[in-house]
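Structural characterization, general
So you can see what is in the structure, the chains are spelled out below.
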Amino acid sequence: MDKNQNSGEVNELPSSQDNGKKLPNKKAIIIGVSSVITVILLAVIGISVHINKTVSVYDTLIMPGVIIEDIDMSGKTKEEAIGLLNERFSNTIGDRLVTITAGDKTYKINYSDLDVQFNIEEVAEKAFKFNRELGVMDTYKYLKEPSTHKIEIEFTYNGDIINSVAATMESEINVEKQNATISKSGSGFTVTDHVVGKKLDVQALVDEINSKVASTKEGNIEVEAVINEDIPSRTREALEKVSVQISSATTYYSDSDKNRNTNIYLGAKTINGLLLMPGESFSFNTLVGDTTPDKGYMPGGVYVGNKVEVGYGGGICQVSSTFHNAVIKAGIIPDQRLNHSMPVGYMDLGMDATIAYGYIDYVFTNPFEYPIYIEGYTSSNSVTFALYSDPSVIDGKSYEFVRDVYSVTQPKTEYKDEPTWEVGKEEVEQQPSTGYKVKVYRVTYTNGVETERILMNDDNYQTVNKIVKRGTKPKTEAPAENPAG
């Protein structure tokens, strides 16, 4: 038994396995542990101080990786960022220009006139606030491995200035197109120049300027305006093709009927000088219109149904008929044409063309590749129309019109009794008119050889009977005289 057993202490003796080494006592262990803890605490405190110190550097500075446009603002104060941005953008505004090229003209807009305002303070504040919401450790981690954070600057400007400049350009650039003109001059023609119209595409210009200004924060801008040309339909080159007469027609009338002659003169004068471009149509009712007294037309004989009555514009159908003959002699088939209800004295059957404003029109279209110039005039007792165009329109062609009168109906005489008239009194109420049916063929000759024969029209002229009013009342015998004495 151990001698210390009675004292209550139990000491473990090292076994033979401890190889005679002594174990550290409790106090030594405590001291060792305390030392380790102290070292760790010092290390932790040192790291904490380092982290706080590292993070606190950016208390007044912009975090690394923040880029405004292409300027690296890392480690800059907000005021420094504002200064850099002003230097880069605001301070150079007065030197920037928008240059607009429009044909041979140049226009400039100074940026200072656009009242450009950059949001510099706003983006500087946004840059400074980046990652401010992070804790110390997260901030420290970001500082060790920063990422790129881009911020774009924005600006506003006064677009009304652009609209104003575009309006000024429009007033200076736009040119109204003008047709060339042609007039008969002796045996030839006088042709004036045409003017090519110019029109600035204002909307496209304004849109392009706004787009470039809005997307370009620095440097000058160049814009090329779009100017559209407007070629007139009647150019000098086209009108100069009119050089030869391709057809003509003349009809005659008595020079004793002054009113009728005036109407024929006015109708021919209205048509004279007319120019029809390829594909354009002529309408008698559209051009000549209603033959009203305010235009100078006088009362005259006109067909109304199967009667001759007095109306304003009497004689105008001789104008349309003569014109019709000039048209068909040029090889043109009219689009609309109607014969009179009864034959007319100034024109062969099937060759006339009647007019009734608002009801019956005479229309034809220029079928050629060249313009047609129309001349119309009157002499003391005739009216003439002539058509002129390019020589190739004739091209060795001539035309003949063959009439086939295939039906003739003679009028009858009808009587209308008038009981209030004495027997023997008669009066013609309606003059007779022979009825005809006639076909007209257009025969085309090319260099003197017939090359085509077509039915041009099939006309019907009404038969109008003669109507005679006659008295049926018996004659009253005069009383016999008493013998003298």
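An account of the accompanying structure is given in this report.

Definitions and cut-offs
Residues numbered from 1 in each chain as written. Predicted model: local features only at pLDDT ≥ 70, side-chain atom pairs only at ≥ 80, totals over all residues. Heavy atoms only, no water. Salt bridge = Lys/Arg side-chain N within 4 Å of Asp/Glu carboxyl O. Helix = DSSP H or I, 4+ residues; strand = E, 2+ residues; numbered from the N terminus. Buried < 20%, exposed > 50% of the residue type's maximum accessible area, 1.4 Å probe, protein only. Pairing = 2+ DSSP bridges. Axes fitted to C-alpha atoms, helices over the stretch in contact; angles between N-to-C directions. Core = buried A, V, L, I, M, F, W, Y, C linked by side-chain atoms within 4.5 Å. Phe/Tyr/Trp six-rings, centres within 6.5 Å; stacked < 30°, edge-to-face > 60°. Lys NZ or Arg CZ within 6 Å of the ring centre and 35° of its normal.

**Some words on the pattern of salt bridges**
- For the coordinates displayed, the defined rule picks out 17 salt bridges.
- Its salt-bridge partner being arginine 88, residue aspartate 70 comes within 2.9 Å of it at the nearest N-O pair. You can see aspartate 70 sitting in the loop between strand S1 (66-68) and strand S2 (71-72) and its partner arginine 88 sitting in helix H2 (residues 78-88), a full 18 residues away along the chain.
- Put simply, arginine 453 and glutamate 450 hold a salt bridge, and the shortest N to O gap is 3.1 Å.
- According to the relative accessible area criterion, arginine 453 is partly exposed, its value standing at 44%.
- On the basis of relative accessibility, which here comes to 39%, the residue glutamate 450 falls in the partly exposed class.
- A single network of salt bridges, built from pairs that share partners, joins Asp70, Arg88 and Glu218.

**A look at the sheet that holds strand S25 (residues 449-461)**
- Pairing is antiparallel in the open sheet, where three strands are placed in the order S21-S24-S25. Edge positions in the sheet fall to strand S21 (397-409) and S25, since each of these pairs with one other strand and no more. When the angles between neighbouring strand axes are averaged without regard to direction, this sheet yields 20 degrees.
- Bridging between strand S24 (residues 435-446) and S25 involves 11 bridges; their strand directions are antiparallel. Bridging from a neighbouring strand, threonine 444 pairs with glutamate 452 of S25.

**Brief notes about the nonpolar core**
- Ranked by internal contacts, the top residues of the largest apolar core, which has 49 residues, are Ile100, Met169 and Leu205.
- In terms of nonpolar packing, the next biggest core, distinct from the first, is built from 43 residues, Ile246, Leu266, Phe364 and Ile372 among them.

**Some remarks on the packing of aromatic side chains**
- Taken as a whole and judged by the stated rule, the model has 14 aromatic pairs.
- Note on phenylalanine 282 and phenylalanine 284: the rings are 6.3 Å apart at their centroids and 85 degrees apart in plane angle, and the pair reads as edge-to-face.
- Phenylalanine 282 gets classed as buried once you look at its relative accessible area, which sits at 2%.
- Relative accessible area serves as the criterion here: at 1%, phenylalanine 284 is assigned to the buried category.
- Ring centres of tyrosine 362 and phenylalanine 364 lie 6.3 Å apart, and the angle between their planes is 50 degrees; this geometry places the pair in the tilted category.
- An aromatic cluster of three or more residues is present, and its members are Phe282, Phe284, Phe323, Tyr362, Phe364 and Phe385.
- Seen from the ring of tyrosine 111, arginine 96 lies directly overhead, with NZ or CZ sitting 4.0 Å from the centre.
- Lying across the ring of phenylalanine 128, arginine 132 places its NZ or CZ 4.2 Å from the centre.

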